[in-house]
Amino acid sequence: MDKSARPKSHHSGSNEVHKLGKNWSKQAKDRAYLLQKHLIKWFDDEQSGMQEAIQQSISGTDFSSEDIYFQLSAIKSRLETGDLVHWVDQCTNDRSSKDQSIEMLDIQSTDNENKEAYRTTQLRERSNILCIHAGNLPLVGLQDVIAILLAGHCYTGKISRKDPYFLPSILSWLIQFGWRDQIQHWTQNTADIPVNNYDEVLFAGSESSLSSVRKTLIEARILDEEIPWLNRTASFSIAYCPSKKAVIEQSTEFMDALMRHGGKGCRSVGVVVSPLGLNELRIPLENAMKNVLEQNSSLRQANTLEQPDNLEQYNSSNIKEAKIPLKGVNRSDLTSLTYRKAYNIAVDRVFVGVGDWLIEEHPIEYVPEPSNNRVVYWVHANKEDLVNLVERFGSALQSIYYLGTNASDIKKPYIPSFDIESIDSAQRPPLYWKPDGTDILRYLCPFII
Amino acid sequence: MGTNGRLTMNEPFSISSQTIEHIKQRIPELYASLTESVTPFFLNNTLNFEEKLAQIFVFQYILNPVYQKYCTALGWSADDYSRCFEELPPLLPVQAFKDAAVWTHDTLVGDTEISTYLTHLKADAQPLEFLSSGTSAMQRSRHRVLNPTFYDASIRASWQARFGKDNWIIWAYTPGYSENPQSSLLYMIDRLMEWDHTQESRYLSLEECLPLQQLNKLVEDGHRVMLFGAAFGWLDLIERHERENEPLSLPREVSIMETGGMKTFRRSISRVDLFDRLVQGFNCAPEQLHTEYGMTECLSQAYTSKGLWLKSPDWVKIVVVDPDQPNKVLESGQEGLIGIVDLANIYSCSFMLTGDRGVQDEEGRFQVLGRWEPTSLRGCNFLMEQDG
């Protein structure tokens, strides 16, 4: 986009924006139907390249076959549910968001330096968006790609080296179906990102890597300093567990939330708050964890390419039953957890340890931010205290889940970005879920009125 | 634990099957030093470092319940005296000083309380207790020092090992410490001031610029002066001088000690930048700047000998270990977690794993590169990663 052509007048810009928003709704819905169709076809068509990407990922990444199949199954089922069309509808029908957009335009009239106002005028259809993808889970960057395509923008991606096969496979596939105009380029190497007059950068990853990535891109003159970045850096989620009954009845979903993907990913539970102490739930928790690990012990051999028959049996039904894998555990993890268990014993801390997984009870005053994927903190506290904890963890926290049926029991934190979600959605979120509280499609379309 | 802090036979740390003679045989020199008024054991010159370490390990394994449980869980026992000559005993994370009572306790030996022989373990003894800095919302380290003379001896010997036996006037600038009267740093500064025979040592006003006239007078009179304080306090003082348009120019005879601590934590800065800022702000030579590395959990201190490298005293061994496998000591030049064996910590725990990231050179000197977990808000070494 030619930056000199940016609208100078608020009023003319505002009218233009209104018009653009109206047109956008219809076009976006058409794109959603098409994209949904093409993505489902990637899952179903034997020639799509998906199988090759699965094989490459199993042999060439840290992801286990179970996690890969689980993730593919979760995404496919959400596509089949119609998430993309729903997402567009949600954006266009959301009254509160609409009001916010109008307010934003009002702000713009008085403050041209305001960043949000800048974005509002800057982001049109066919804006150039650069994605810096995280790679801690298979296909974790897909949501950003979908949002950019639905919004009508142009995508350039820095693909994560930890997940180098799936996104390129999908992008190549989509190009064959007419998405070439919007999918411009992708690469694993930062140095190979083309200079393209980007309007926005979407970043997902750790807080620690953010500044160095940004610095590299600016120094390489790939980006201007003033280009806005949307940074998603939350690192863990919290679950509220009201009773022993809830643990027993939802043990599969609960363990999935804790242990799926080796505990990695910001939607994985790092802290559990419960009115029950860990000792009171020791037996059901140990049983649930043992159950997960025992199931996977038998699957361990199937996690390798030496057992291709198992992989060939892949279909939609069996991927839905993918178990939590053991693959990915390294000796170093085991050793550090041995020291951690010894430490817990030394300071008389209550903990449950199964395999190389630990749940440790910490007092609410001092519970730290979780830093180890395989260590979950248990906080013996009531639901009122949960609010304080959420406020304390701030931007590091991604989601809040509840076990049981009565989510309304939990007092909602005043931070509006948090919805209380059911525990079973932890690892199977809708495609329109909001990382760090931001609806990415809505964010990319400030012009929707 | 029983009443008055004494362990009873029913507790897992009772050593009722032992006799005091057994203990004496296993740690003869240490036992003698703890029961007689002689040179502190860590300053004993008749034993080498490893011999002292092994005796202290056995002593702390027997009488420090927290350390005993930690070691037992890692496969160590009180019989591992000889093993200490082959490998480092387990390093207890310093976090334990926040989570538990990491000191030696009175217990029964046979039918007799061991405090009958080791009187500093008596419940009515009056130990010192230090707390790390932090707000009430923060978990703070607690270090009980059962025999304060060990701390005094360590402070003095650490200082003299670096700065010799000359008299030093200490001018301390310690913003933020008034909220923590149990600061080990304040105790240390008090001792250094006591040992100044001129009685010119004092705490500087936090509301005023450095009294340069008085400082110059002390230098003219031939005294050696050390300005002693937390790094960020010095930056505050420099800013005050700039604000009040009072140029700072430090006489070459005056030295500055920065303790790495930050009590007003309102900024983070790399160590290199900090040094540059201090040299520029005080208008002094780099050689006038010194760093002290110490912590609430340690009774000994390390000082820079030149530039950024710290040197520990003879009774302290610094190691840099693999964070995932703290029993694995890394080669010089490799970054890892700093482990400390401080033999002055006789009545608490001498084997500690800090949360600090560091590197060691071939001479055993070390640098602190920052906190391993950047979100941790502990009082000391609050600098972000070193540049480059």
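Residues numbered from 1 in each chain as written. Chains lettered and ligands numbered in written order. Predicted model: local features only at pLDDT ≥ 70, side-chain atom pairs only at ≥ 80, totals over all residues.

**With respect to the overall build of chain B**
Logical step 1: When helices and strands are tallied, chain B shows 10 helices and 16 strands.
Logical step 2: The burial tally for chain B puts 44% of its 388 residues in the buried class.
Logical step 3: Within chain B, counting contacts between residues at least 6 apart in sequence, those at least 24 apart form 67% of the total. (Helix = DSSP H or I, 4+ residues; strand = E, 2+ residues; numbered from the N terminus. Buried ≥ 20, exposed ≤ 12 C-beta atoms within 10 Å, placed from the backbone. Contact = placed C-beta atoms within 7 Å.)

**Remarks on the overall build of chain A**
Logical step 1: Counting its regular elements, chain A contains 17 helices and 12 strands.
Logical step 2: Of all 449 residues assigned to chain A, the portion counted as buried reaches 43%.
Logical step 3: Taking all contacts inside chain A whose residues are at least 6 apart in sequence as the whole, residues at least 24 apart take part in 78%.

**A short note on the interface of chain B and chain A**
Logical step 1: Tallying the contact residues gives 15 residues for chain B and 14 residues for chain A.
Logical step 2: Only helix 4 (65–73) and helix 5 (96–99) of chain B provide two or more residues apiece to the side of chain B that touches chain A.
Logical step 3: Top element by residues in the side of chain B that touches chain A is helix 4 of chain B. It accounts for four residues.
Logical step 4: For the side of chain B that touches chain A, a count of residues per class yields eight nonpolar, three polar and four charged. (Nonpolar A, V, L, I, M, F, W, Y, C, P; charged D, E, K, R; others polar.)

**A short note on the nonpolar core**
Residues and elements named next belong to chain B.
Logical step 1: With 103 residues, the main nonpolar core has Leu 92, Ala 96 and Ile 170 as its most contacted residues.
Logical step 2: Element by element, the count of residues in this core is highest for helix 3 (residues 49–63), at nine residues.
Logical step 3: Once you skip the residues sitting within four places of it in the chain, Ile 170 turns out to touch Ile 189, Leu 192, Met 193, Asp 196, Ser 201, Met 226 and Phe 228. (Core = buried A, V, L, I, M, F, W, Y, C linked by C-beta atoms within 7 Å.)

**Thoughts on the domain arrangement of chain B**
All names here are of chain B.
Logical step 1: Segmenting chain B into domains produces domain 1 (3–125) and domain 2 (148–314).
Logical step 2: Between the C-alpha centres of domain 1 and domain 2 the distance comes to 35 Å.
Logical step 3: With four residues of domain 1 at the contact, the number on the domain 2 side is four residues. (Domains from an automatic or database assignment.)

**Quick word on helix 2 (residues 50–60) of chain A**
Residues and elements named next belong to chain A.
Logical step 1: Those residues of helix 2 that sit buried are Met 50, Ala 53, Ile 54, Ser 57 and Ile 58. Buried residues of helix 2 fall within an arc of 130 degrees about the axis and therefore sit on the same side. Of the residues in helix 2, the exposed ones pointing more than 90 degrees away from the buried face are Glu 52, Ser 59 and Gly 60. (Arc of directions from axis to C-beta.)

**Observations concerning the packing of helix 9 (residues 231–243) of chain B against helix 10 (residues 271–282) of chain B**
Residues and elements named next belong to chain B.
Logical step 1: One way to put it is that helix 9 packs onto helix 10 with a least axis distance of 10 Å and a crossing angle of 40 degrees. Along this stretch, helix 9 crosses helix 10, giving a crossing that reads as left-handed. Where helix 9 approaches helix 10, its residues Ala 231, Trp 234, Leu 235 and Ile 238 are matched on the opposing element by Leu 274, Arg 277, Leu 278, Gly 281 and Phe 282. (Axes fitted to C-alpha atoms, helices over the stretch in contact; angles between N-to-C directions. Left-handed = near helix turned anticlockwise from the far one by under 90°.)

**So, the sheet that holds strand 6 (residues 236–240) of chain A**
All names here are of chain A.
Logical step 1: Here we have seven strands laid out as an open sheet, ordered 8-9-10-7-6-11-12, and mixed in their pairing. Strands at the two margins of the open sheet, each flanked by one partner only, are strand 8 (351–354) and strand 12 (420–422). With strand direction ignored, the average angle separating the axes of adjacent strands in the sheet is 25 degrees.
Logical step 2: Along the sheet, helix 11 (residues 251–259) makes contact with strand 6, strand 7 (269–274), strand 9 (357–362), strand 10 (375–380) and strand 11 (397–402), crossing strand 7 at roughly 135 degrees. (Pairing = 2+ DSSP bridges.)

**Let's talk about the sheet that holds strand 3 (residues 183–187) of chain A**
All names here are of chain A.
Logical step 1: Pairing is parallel in the open sheet, where five strands are placed in the order 3-2-1-4-5. Only two strands of the sheet have a single partner each, and these edge strands are strand 3 and strand 5 (229–232). Averaged over all pairs of adjacent strands, the angle between strand axes in this sheet comes to 15 degrees, irrespective of strand direction.
Logical step 2: Of the pairings in the sheet, the one linking strand 2 (residues 154–158) to strand 3 comprises four bridges and is parallel in character. Across the sheet, Thr 156 pairs through a bridge with His 185, a residue of strand 3.
Logical step 3: Across the sheet, helix 7 (residues 142–151) lies against strand 1 (128–132), strand 2 and strand 4 (200–204), angled at about 160 degrees from strand 2, the strand it touches most.
Logical step 4: In the packing of helix 8 (residues 166–179) onto the sheet, the strands contacted are strand 2 and strand 3, and the crossing angle to strand 3 comes to about 160 degrees.

**Describing the pairing of strand 10 of chain A**
Residues and elements named next belong to chain A.
Logical step 1: In terms of burial, strand 10 is largely enclosed, as five of its six residues are buried.
Logical step 2: Alignment of strand 7 against strand 10, held across four bridges, turns out to be parallel. Across the sheet, the residue bridging to Val 273 is Val 379, located in strand 10.
Logical step 3: Across five bridges, the pairing between strand 9 and strand 10 is parallel. When the bridges of strand 10 are listed, Ile 359 appears paired with Val 376.

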